[in-house]
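Structural features, examined
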Amino acid sequence: MPEIGEVARIVHYLRKHLLNRTISSCVAQTDEIVYGKVGCSAEAFQAHTANRLVTNVAQQGKYFYLTFDKPPHAVLHLGMTGWMKFSTDDSRYYKQGKDKGLEEEWPPKYVKFLWKVEKEVEGEEREEVEVAFVDPRRLARIRLVECEAGEIRKTSPLKENGPDPVVDKEIFTVEFLSKLLRRKKVPVKALLLDQANISGVGNWVADEVLYMARLHPEQYSNTFDDEQIKRLHDSMVNVCTLAVDTLSDSSKFPETWLMKHRWNKGKKDSNVLPNGEKITHVTVGGRTSAIVPSVQKKTAAVAGDVESGNETAVKPAKGKKRKAASQDSDDEAKAEISDIKPTKSRRGTAEKDASSGATTAKAAERPSRAKKAKPSYAEADDEEVEETTLVKATPKRKARKSVATKAEPKDDDANGGAEQAASNGVDTAEPASKTPKKAIKAEIPGERRSARKSADEPALQLQGTNERARAAKKQSAADAIPGERQSTRARVK
């Protein structure tokens, strides 16, 4: 990510090619994130920067801005991958091996806006140039600020940022840093990375500053004494000033800096300083930090713990210890069962058979509901008998149908036989153990019937009629003469 030195490099090239020159044209590409996130638009930026005279180019930490002959002015942030490219100059501070010796394509990819400046004939002769703002990951921010040129640092977003250690040396004093550290209790590196406290300090700058000051990055900010705070202030001013003066050209950094040796993490014979001291890594404030444990001693309470050996021991966050410990076993388990993916019905079996400890643990947790349900079947003996009886009991309608079928009518008439069976009480023919809970009570002459029973009587009568019809149908089939063609519907009626 571009930090204070990389932004200073951009400012240098903008001053070289644009200062005191008029932008003849601007072509901005629509981007709802790069422009829209800060209340701007490509159309507005294009309209307000074309035909404008650039009167100043400056920076505050990771922000840089251009003031014009009249408002609004442009304030830009490079994000993680943003950069400014020039058609006649190479502004890159770092070239990958595959890019060395190759010409830069123009216009470049991922352009957010393209400025064009005409060739100057009068005065100092300056050639025609095009300037492109590029950002592959779209984390940069481009905005317009409506204010006077001299008030731009008192306007958002610059006014919400802390002092720049290089530009604002009269503000960034030892007293200022002492008050800042002692009014908060956070890891010192996390405090340095917060742009609201100090502008321009990023990951590698913070690591370099803390190494030069011989301070542990996880030590709480309010635990340092006056001598440690003085060392921190001086190292920050020195590191930031050198980064700005060299335009972040690492080839000009001292060989003793971490910056020259911290990038080969995990490789053999790497992460070692020229004096033989070992560089280890720890995560602080969500960022990977390079430290030298033999130099950066813990003198007070720290947020984590780092060993001085080759291995890095980081105190895990609360609730994440078990997850971190089982990460490797989870990966092995996934590799073992990746070829055969079980179906839903066999997933539990596959998990139980997996040899990995993590997979077995997950399988033990997943069917927890089934394990809790098993004891519900192991009840007392009397409850088991009752449960078995309820399961074996046939439905109410089927029981009536079977009894009505078995009843032998004395009369040859089918209707009469059905009525005979009904008058004898079909419901009482079932065994007592199979009687449904809501059995129909036999009517007693003169008994006073409740309103509820009277309301249910039509439904019961309809049910009895249907049962008698089914019984008559069965009986007619039994009394039928072989070969005789009969109308079943007429016979039932």
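Heads up: the structure comes first, above all this text.
Right, let's walk through the structure included here. (Residues numbered from 1 in each chain as written. Predicted model: local features only at pLDDT ≥ 70, side-chain atom pairs only at ≥ 80, totals over all residues. Heavy atoms only, no water.)

So, on to a nonpolar patch on the surface. A contiguous nonpolar patch, built from Met1, Met80 and Leu139 and spanning about 240 Å² of accessible area, is present on the exposed surface. With respect to the helices and strands, methionine 80 occurs in the loop between strand 4 (73-77) and strand 5 (83-86). A relative accessible area of 37% means that methionine 80 is categorised as partly exposed. (Patch = residues over 30% accessible without salt bridge, like charges linked within 9 Å, V, L, I, M, F, W, Y side chains within 5 Å. Areas by Shrake-Rupley, 256 points an atom, 1.4 Å probe, with all protein chains shown as cover. Salt bridge = Lys/Arg side-chain N within 4 Å of Asp/Glu carboxyl O. Helix = DSSP H or I, 4+ residues; strand = E, 2+ residues; numbered from the N terminus. Buried < 20%, exposed > 50% of the residue type's maximum accessible area, 1.4 Å probe, protein only.)

For the structure on display, the rule yields 10 aromatic pairs. Seen from their ring centres, tyrosine 35 and phenylalanine 45 are 6.0 Å apart, and the 55° between their planes marks the pair as tilted. In this pair, tyrosine 35 is assigned in the loop between strand 1 (22-28) and helix 2 (42-49) and phenylalanine 45 in helix 2, connecting sequence segments 10 residues apart. On the accessibility criterion, tyrosine 35 (0% relative accessible area) is buried. For the ring pair phenylalanine 113 and phenylalanine 133, a centre distance of 5.5 Å and an interplane angle of 25° mean the geometry is stacked. Of this pair, phenylalanine 113 sits in strand 6 (residues 111-117) while phenylalanine 133 sits in strand 7 (residues 129-134); the two residues are 20 residues apart in sequence, bridging distant segments of the chain. Phenylalanine 133 matches phenylalanine 113 in its accessibility class, with the two residues each being buried. (Phe/Tyr/Trp six-rings, centres within 6.5 Å; stacked < 30°, edge-to-face > 60°.)

Burial within strand 3 (residues 63-68) is extensive, with 6 of its 6 residues counted as buried. In the sheet, strand 2 (residues 52-60) pairs with strand 3 via 6 bridges, with the strands oriented antiparallel. The partner of valine 54 across the bridge, within strand 3, is phenylalanine 68. Pairing between strand 3 and strand 4: 4 bridges, direction antiparallel. Bridge pairing links tyrosine 63 to histidine 77 in strand 4. (Pairing = 2+ DSSP bridges.)

All right, on to the pattern of salt bridges then. The final tally for this structure, using the stated rule, is 13 salt bridges. Measuring nitrogen to oxygen at the nearest pair gives 3.1 Å for the salt bridge that ties aspartate 90 to arginine 92. As a salt-bridge pair, lysine 154 and glutamate 151 come within 3.9 Å of each other at their nearest N and O atoms. Among the residues examined, lysine 154 registers a relative accessible area of 60% and is labelled exposed. For glutamate 151, a relative accessible area of 36% puts it in the partly exposed group. The network of salt bridges with common partners includes Asp31, Lys112 and Arg138.

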